[in-house]
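Fold and geometry: a report
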Amino acid sequence: MTTSLPGTGPNAGSTHRRVPVAVSAADPISREGAVGQLRRHPEIELREESAPGTVALLVEDALDEAALTRLRRFVRSEGARAVLVVASMRENELLDVVECGVAAIVWRHEATAERLVQAVLAASRGDGDLPADLLGRLIQQVGALHRGTAGRNGPPALGLTPREVDVLRLVSEGLDTGEIAGKLSYSERTVKNVMHGLTTRLHLRNRAHAVAFALREGYI
């Protein structure tokens, strides 16, 4: 079971343009497997190299420093949006991955063609898509970090508005953009504008990073 952050609902496959995707893997068999899965879908345009506006799909067995370095390069140096397909992940690696700017994570044993396309489309929109168990672990980890700093004095240097807190609270519960709009009686455009505004202002890379920030600072 997976829990998708906004924009990854049942209609997520509909798109008016092809999404450029560059696949990277530690071995050629894994790369060709992912390429073969994606090639069957007309909404995907496969590229040899990542670039700004491209979704970089990285296939790994496990996360080591080399894998994290590749993720940082894709996102920070090449301007791509990253999707990580990984076999396993230790507790202390999850926040590292979010901080790298990864928009979506897919377990290798769940990496069907449909699941990969769902994650790629979510990343291309700037949304997040995390397995349900990882979302729960992310909330627990950041909550623990917040409790560890609860005694510090003074408000956070960068704050969230009540509207932003309301939206992020529902994002953390796994609701998509339409569901958040319905809950708060906003238009979907308003929800998207709220998310764009806070991620831009606070220099957050994606919605998962925004949830982590809000949890760390005690807003949700």
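Residues numbered from 1 in each chain as written. Predicted model: local features only at pLDDT ≥ 70, side-chain atom pairs only at ≥ 80, totals over all residues. Heavy atoms only, no water.

With respect to the overall build of the protein
Secondary structure assignment for the protein yields nine helices and seven strands. A burial count over the protein gives 50% of its 220 residues as buried. Summarising the internal contacts of the protein: among those between residues at least 6 apart in sequence, 72% fall at separations of at least 24. Carbon and sulfur atoms form 51% of the exposed surface of the protein, whose accessible area is close to 10400 Å². (Helix = DSSP H or I, 4+ residues; strand = E, 2+ residues; numbered from the N terminus. Buried < 20%, exposed > 50% of the residue type's maximum accessible area, 1.4 Å probe, protein only. Contact = heavy atoms within 4.5 Å. Areas by Shrake-Rupley, 256 points an atom, 1.4 Å probe, with all protein chains shown as cover.)

So, helix 2 (residues 65-77)
Across its 13 residues, helix 2 extends 17 Å between first and last C-alpha, which sits within 8% of the 18 Å expected from 1.5 Å per residue. All buried positions along helix 2 are accounted for by A67, L68, L71, F74 and V75. The buried residues of helix 2 occupy an angular sector of 125 degrees when the element is viewed end-on, so they sit on one face. Residues of helix 2 that are exposed and point over 90 degrees away from its buried face: E65 and S77. On the buried face of helix 2, the contacting elements are strand 2 (19-25), strand 4 (55-60), strand 5 (81-86), helix 3 (94-100) and strand 6 (102-107). (Expected span 1.5 Å × (residues − 1). Arc of directions from axis to C-beta.)

Quick notes on helix 6 (residues 162-172)
Taken together, the buried positions of helix 6 are occupied by E164, V165, V167, L168, L170, V171 and S172. G174 lies just past helix 6 and shows a positive phi near 90 degrees.

Quick notes on the pattern of salt bridges
As enumerated under the stated definition, the model contains twelve salt bridges in all. Between R47 and E45 there is a salt bridge whose closest N-O contact spans 3.1 Å. The class of R47 is partly exposed, set by a relative accessible area of 35%. Under the relative-accessibility criterion, E45 is labelled partly exposed at 26%. Measuring nitrogen to oxygen at the nearest pair gives 2.9 Å for the salt bridge that ties R108 to D61. With R108 in the loop between strand 6 and helix 4 (113-124) and D61 in the loop between strand 4 and helix 2, this pair connects stretches of sequence that are 47 residues apart. On the basis of relative accessibility, which here comes to 30%, the residue R108 falls in the partly exposed class. (Salt bridge = Lys/Arg side-chain N within 4 Å of Asp/Glu carboxyl O.)

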